[in-house]
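Understanding the architecture of this molecule
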Amino acid sequence: MAEPSPHLTATADAYDAVAVRYADFVRNGLDPLPLDRSILAAFAELVNTSDAGRVAELGCGPGVVTAHLRDLGLDVFGVDLSPVMIDLARGAYPDLRFEAGSMDALEVADGELGGIVSWYSVIHTPPRELPPYFAEFSRVLAPGGHLLLAFFESEGEPVVEFDHKVAPAYRWPVDGLAELARAAGFAEVGRMLREPREEERYRRGHLLLRRR
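Everything quoted here is computed from the prediction, not taken from an experiment.

Let's talk about the sheet that holds strand 8 (residues 186–194)
With respect to topology, seven strands assemble into an open sheet ordered 3-2-1-4-5-9-8, the strand pairing being mixed. Each end of this open sheet is capped by a strand with a single partner; those strands are strand 3 (97–100) and strand 8. Each adjacent strand pair in this sheet contributes to an overall mean axis angle of 15°, direction not counted. With six bridges joining them, strand 4 (residues 113–119) and strand 5 (residues 141–152) adopt parallel strand pairing. Each residue of the ladder has a partner; that of V117, found in strand 5, is L148. Strands in contact with helix 2 (residues 34–50) are strand 1 (54–58), strand 4, strand 5, strand 8 and strand 9 (204–211); relative to strand 4, the strand with the most contacts, it is inclined by about 165°.

Given below as structure tokens:
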């Protein structure tokens, strides 16, 4: 097995170190975010309508969004780099399946999944390393399966690194991420940009995509 890239090791170690505090911080994180919940609901409706298979939340952290997707009627499991996060998720949601792993090397058969949610998880990947992630998403999704990305949007600027509180991260132009997805075989279904709340620094981007 190939050695993980330095950024994966550094990101996992960083989230291990803050996992308990992070889990407390995000525990009710979706409650004040009706627009974010709406795009998760749209994703869930599309997947449920297509009946294409299980859903993976990649970069699931302590499992809050995974559990929300379960509550929306999806057969969902979570994957995260951080073993400590996975332990917290299993403790909080013992009825759900959580696995330690990387988004770019999933232990999932070709075309097995009906949907993928990457909720602020591709943000830590250096831009030059991101295309293989989209290739992996395409590999594991069934034709017609859906992918939902949430990220920090660059507000008219090119890709830019910023001082994320846990690990180095990148803000992306929505068109740039959409183009990477198209190159990997995805068609855009819709997008949603949300202005930052008072306590947030940056605009939030959301892309809903379908595997061709």
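This is not the end of the story, as more comes after the structure.
Some remarks on the pairing of strand 4
One face of the sheet, then the other: side chains in a regular strand alternate in exactly this way. Within strand 4, seven of the seven residues are buried, which leaves it mostly tucked inside the rest of the structure. Of the pairings in the sheet, the one linking strand 1 to strand 4 comprises four bridges and is parallel in character. Across the sheet, R54 pairs through a bridge with L113, a residue of strand 4. In this view, the connection linking strand 4 to its parallel neighbour strand 5 by way of helix 5 (residues 131–140) has right-handed handedness.

Description of the pattern of salt bridges
Taken as a whole and assessed by the stated rule, the structure comprises 19 salt bridges. With its nearest N and O atoms 2.3 Å apart, the salt bridge here joins D95 to R70. Separated by 25 residues along the polypeptide, D95 in the loop between helix 4 (83–92) and strand 3 and R70 in helix 3 (residues 64–71) bring together distant segments of the chain. When the shortest N-O distance is used, the salt bridge between E153 and R203 registers 3.3 Å. Of this pair, E153 sits in the loop between strand 5 and strand 6 (160–162) while R203 sits in the loop between strand 8 and strand 9, placing them 50 residues apart in sequence. Judged by relative accessible area, which is 4%, E153 ranks as buried.

Rules and cut-offs
Residues numbered from 1 in each chain as written. Predicted model: local features only at pLDDT ≥ 70, side-chain atom pairs only at ≥ 80, totals over all residues. Heavy atoms only, no water. Pairing = 2+ DSSP bridges. Helix = DSSP H or I, 4+ residues; strand = E, 2+ residues; numbered from the N terminus. Axes fitted to C-alpha atoms, helices over the stretch in contact; angles between N-to-C directions. Contact = heavy atoms within 4.5 Å. Buried < 20%, exposed > 50% of the residue type's maximum accessible area, 1.4 Å probe, protein only. Right-handed = clockwise from strand over helix to strand, strands pointing away. Salt bridge = Lys/Arg side-chain N within 4 Å of Asp/Glu carboxyl O.

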